[in-house]
Amino acid sequence: MTQSCYPVPAEWAERALIDQDRYAAMYAEAATDPDGFWAREAERLDWVRFPKRIKDTSFEEADFHIRWYEDGILNVAENCVDRHAAKNPDRVAILWEGDTPGEERKISYGELKDEVSRLANAFKTAGVKKGDRVTIYLPMIPEAAFAMLACARIGAVHSIVFAGFSPDSLANRIQDCGSKLVITADEGLRGGKRVPLKANVDAALGEDAGKIVETVIVVRRTGAEVAMQEGRDLWYHDVVQAESTDCPPEPMGAEKPLFILYTSGSTGKPKGVLHTTGGYLVWASMTHQYVFDYRPGEVFWCAADVGWVTGHSYIVYGALANGATTLMFEGVPNYPDFSRFWQIVDKYQVTSFYAAPTALRALMREGDEWVTKTSRASLRVLGSVGEPINPEAWEWYYRVVGDSRCPIVDTWWQTETGGHMITPLPGATPLKPGSASKPLFGVMPQLVDSEGVVLEGATEGNLVIADSWPGQMRTVWNDADRFFQTYFTTYPGKYFTGDGCRRDADGYYWITGRVDDVINVSGHRMGTAEVESALVAHAKVAEAAVVGMPHDVKGQGIYAYVTLNAGEEGDVALRKELIQWVRREIGPIATPDALQFTPSLPKTRSGKIMRRILRKIAENDFGSLGDTSTLADPGVVDALIAGREDAT
Ligand code: 6R9
């Protein structure tokens, strides 16, 4: 296979913060003198007390602990807001572009400080104290960032639930972390469509979650009429109006929780990934600066949603810690037409643009003209995140969007890692389309075989990280045991990422995708077990197995195999009903792309479903089903193949 490689352009090597030599020197220093390296990187933040203890970590079972900057004291909102407001009060912190073209807001650092302080005071008035949890269920409006920073300001722990999740998913997340306050909007607006957020909150609080939540603050976004429950629900504009803009930031220990973000794993129940204060912010700030080669004054646009980790680390925390102007877009790439992204780039003179391959593939198939009719001359760096980017989409991004001028940083990382881990640096790394390339400072990737043997040189295996880095998650909320079991027992002494990976002869890493029961739909993680439990919750379903299938735009689609209860008939109407059912239970992102009824599932004699076979059939690849002799009933395979064509 021939493979293209783009050298670092000379002008980039010259002007970039980090060139090839500097990358090598910094990588070596972080490995040999982590305390020295990370103490220096910590200087990028303002500390109430600068830490003396820097790295204190062990992945070994007997002595398992992850602590960074433990004796340091700081406040995240102070670092993301106040220190910039003091120096540059008029600099724009947030540029907001609404769903409808022409709707916009500009919030300066000075204004941001007032907004965040008022809301922080309103949280306090509502009884929120240091360490309490607040659930944020908001669309992409500046109030989402205000709410995050207001929590950070008073030491409350936020848990953002993506506004596309269902009332049930919201209720589960509220209950798991015990939020006493929920902040939401009357409705969301995406691509001209309204999302009934307040009504979803009401539904979520109907049952057990309703016993925990004391206050619901509602932002007026569309002006729709919504039910307000006396004694519980308050309008945002009423509560903040009554509050002062003076709210001293709470001094926080570096290892105190900053936020919880739920993410899918191999089991049915999403995990509450916990990030803490000091290490996370150093990591978010450092990666934002180096990976996008960010310079003050530039306009940075991360097109993710704040409901995902990418939005947390790069729309809000990393960008604002660096005093950047961050762009927040409420809408979608194809509304009102396929040119929207690039029109926004021109309108705000965006310098860095960061998006998921799924969005690029969706735009790519609409033709180049939507892109080429815009200028995009302001762009310097392009970023990709969330899933492997196929070389075809990479080349299109590079040639058509970036006019063969802008380096592409293909950033591999996870909710668990807090920020970028393996990625090119624009002034240091020759680019290979489809490869996330090289590890960042302090990141020690290894490839291991299924026995845990470390593989050297050009090879392929399971991706593990051999030592801790500051942005690493600290625990699963309320379940330290699950944290250890999930990430540190498969390959003892190492963090297991759940991803497969290839390393080429130049030491470049190529992520091949998940090796566990997680599928990546449009850059969003979905646990197959979550979809399965939603399906079996339907009265007519006996059993379900869900696998990923290749999908042109989404990367992976969701393929469900369903066995019905005796006497039920799997017809077109029921297929539709089940697909809608999953959508309602979890949210639109979990909507199955294909659903096949089958009299039984392929199981081993010990009752384990052989997903390998189900994946092959979903891929329409019947020739290489592998060994089927261990199946309890090998005949099931023929039935599955016969039923394949009725699946969609
Ligand atoms: C940031 C984010 C994490 C999973 C991860 C991997 C996949 C993310 C990628 C990538 C190939 C990249 N992934 N970035 N695969 N190349 N540049 O997406 O976090 O939602 O937790 O997903 O996404 O499989 O394990 P999260």
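Since we're looking at a predicted model, the values are computed, not measured.

Basis of the calculations
- Residues numbered from 1 in each chain as written.
- Predicted model: local features only at pLDDT ≥ 70, side-chain atom pairs only at ≥ 80, totals over all residues.
- Heavy atoms only, no water.
- Near = heavy atom within 4 Å.
- Polar contact = N/O pair within 3.5 Å; in protein donor to acceptor, adjacent residues only side chain to side chain.
- Areas by Shrake-Rupley, 256 points an atom, 1.4 Å probe, with all protein chains shown as cover.
- Helix = DSSP H or I, 4+ residues; strand = E, 2+ residues; numbered from the N terminus.
- Nonpolar A, V, L, I, M, F, W, Y, C, P; charged D, E, K, R; others polar.
- Expected span 1.5 Å × (residues − 1).
- Buried < 20%, exposed > 50% of the residue type's maximum accessible area, 1.4 Å probe, protein only.
- Core = buried A, V, L, I, M, F, W, Y, C linked by side-chain atoms within 4.5 Å.
- Phe/Tyr/Trp six-rings, centres within 6.5 Å; stacked < 30°, edge-to-face > 60°.
- Lys NZ or Arg CZ within 6 Å of the ring centre and 35° of its normal.
- Pairing = 2+ DSSP bridges.
- Axes fitted to C-alpha atoms, helices over the stretch in contact; angles between N-to-C directions.
- Parallel < 35°, antiparallel > 145°, perpendicular 65-115°, else oblique.
- Left-handed = near helix turned anticlockwise from the far one by under 90°.
- Contact = heavy atoms within 4.5 Å.
- Salt bridge = Lys/Arg side-chain N within 4 Å of Asp/Glu carboxyl O.
- Disulfide = S-S within 2.5 Å.

Caption draft 1: Looking closely at the site of the ligand. Near the ligand there are 17 residues, and of these Asp410, Thr415, Asp499, Arg514 and Arg525 occur at the shortest range. In the model, a nitrogen atom of the ligand is placed 3.4 Å from a nitrogen or oxygen of the Pro388 main chain. A distance of 2.9 Å separates an oxygen atom of the ligand from a polar side-chain atom of Gln414. Compared with its free state, where it exposes 530 Å², the ligand has 96% of that area covered by protein. Elements that contribute at least two residues to the shell around the ligand include exactly helix H12 (309–321), strand E20 (408–411) and strand E26 (509–514). Counted by class, the shell around the ligand contains 6 nonpolar, 6 polar and 5 charged residues.

Caption draft 2: Layout of helix H6 (residues 142–154). With 13 residues, H6 extends 19 Å from end C-alpha to end C-alpha; this agrees with the ideal 18 Å at 1.5 Å per step. Of all 13 residues making up H6, 13 are buried, and the element is well covered by its neighbours. Phi turns positive, to about 80 degrees, at Gly155, one or two residues after H6.

Caption draft 3: Inspection of the nonpolar core at higher detail. Ranked by size, the top nonpolar core spans 159 residues in total, and within it Leu112, Leu119, Phe123, Tyr317, Phe441 and Leu535 carry the most contacts. Among the nonpolar cores identified, the runner-up in size contains 31 residues, and Met364, Tyr398, Val401 and Ile408 belong to it.

Caption draft 4: How the structure looks around the packing of aromatic side chains. Summed over all chains, the structure comprises 45 aromatic pairs. Seen in terms of ring centroids, Trp38 and Trp283 are 5.6 Å apart; in terms of plane orientation they differ by 40 degrees. Their pairing is tilted. Within this pair, whereas Trp38 is found in helix H3 (residues 34–42), its partner Trp283 is found in helix H11 (residues 278–291), the two being separated by 245 residues in sequence. Given a relative accessible area of 2%, Trp38 falls into the buried group. Sitting over the ring of Tyr290, Arg44 keeps its end group 5.4 Å from the ring centre. Here the guanidinium or amino end of Lys432 rests over the ring plane of Tyr508, the centre of that ring lying 4.5 Å away.

Caption draft 5: Structural context of the sheet that holds strand E23 (residues 459–465). Across the sheet, which stays open at both edges, the 5 strands sit in the order E22-E21-E23-E25-E26 with antiparallel pairing between neighbours. With one partner strand each, in any of the chains shown, strand E22 (454–455) and E26 form the two edges of the open sheet. The pairing of E23 with strand E25 (residues 495–503) spans 6 bridges and is classified as antiparallel. If you follow Gly461 over to E25, its bridge partner there is Cys501.

Caption draft 6: Spatial organisation of the packing of helix H4 (residues 76–87) against helix H5 (residues 109–125). It is the contact of H4 with H5, at a shortest axis distance of 8 Å, that shows an interaxial angle of 135 degrees. The orientation of H4 relative to H5 falls into the category oblique. In the packing of H4 onto H5, the handedness of the crossing is left-handed. Between H4 and H5, the contacting residues are Cys80, Val81, Asp82, His84 and Ala85 on the first element and Tyr109, Gly110, Leu112 and Lys113 on the second. Broken down by class, the residue content of the contact of H4 with H5 amounts to 5 nonpolar, 2 polar and 2 charged.

Caption draft 7: Layout of the sheet that holds E20. In space, the 7 strands of this open sheet follow the order E5-E4-E17-E16-E18-E19-E20, with mixed pairing throughout. Two strands lie at the open edges of the sheet, namely strand E5 (104–108) and E20, each paired on one side alone. Within the sheet, the average angular offset between the axes of one strand and its neighbour, ignoring direction, is 20 degrees. Pairing between strand E4 (residues 92–97) and strand E17 (residues 325–329): 4 bridges, direction parallel. By the bridge assignment, Leu95 is partnered in E17 with Leu327.

Caption draft 8: Fine view of the pattern of salt bridges. According to the stated counting rule, one finds 38 salt bridges in the structure shown. Glu29 is the salt-bridge partner of Arg40, the closest N and O atoms lying 3.1 Å from each other. A residue pair is termed long-range when its members are at least 10 positions apart, and Arg40 in helix H3 and Glu29 in helix H2 (residues 20–32) qualify at 11 residues. With relative accessibility at 37%, the residue Arg40 sits in the partly exposed group. Each of Arg53, Asp56, Arg67 and Glu70 takes part in one network of salt bridges that share partners.

Caption draft 9: Highlighting the state of the cysteines. Under the defined criterion, the tally for this structure stands at 0 disulfides. Left without a disulfide partner, Cys5 is nearest to the cysteine sulfur of Cys501, which lies 17 Å away. There is no disulfide at Cys406, and the cysteine sulfur nearest it, in Cys302, is 17 Å away.

Caption draft 10: Here's a closer look at the packing of H4 against H6. H6 packs onto H4 with a crossing angle of 120 degrees between their chain directions and a minimal axis gap of 7 Å. Taken together, H4 and H6 sit at an angle that is classed as oblique. The two elements H4 and H6 cross, and the hand of that crossing is left-handed. Counting all contacts with H4, which are made through Val76, Ala77, Cys80, Val81 and Asp82, the residues of H6 involved are Leu149, Ala152 and Arg153. Looking at the contact of H4 with H6 residue by residue, the classes come out as 6 nonpolar, no polar and 2 charged.

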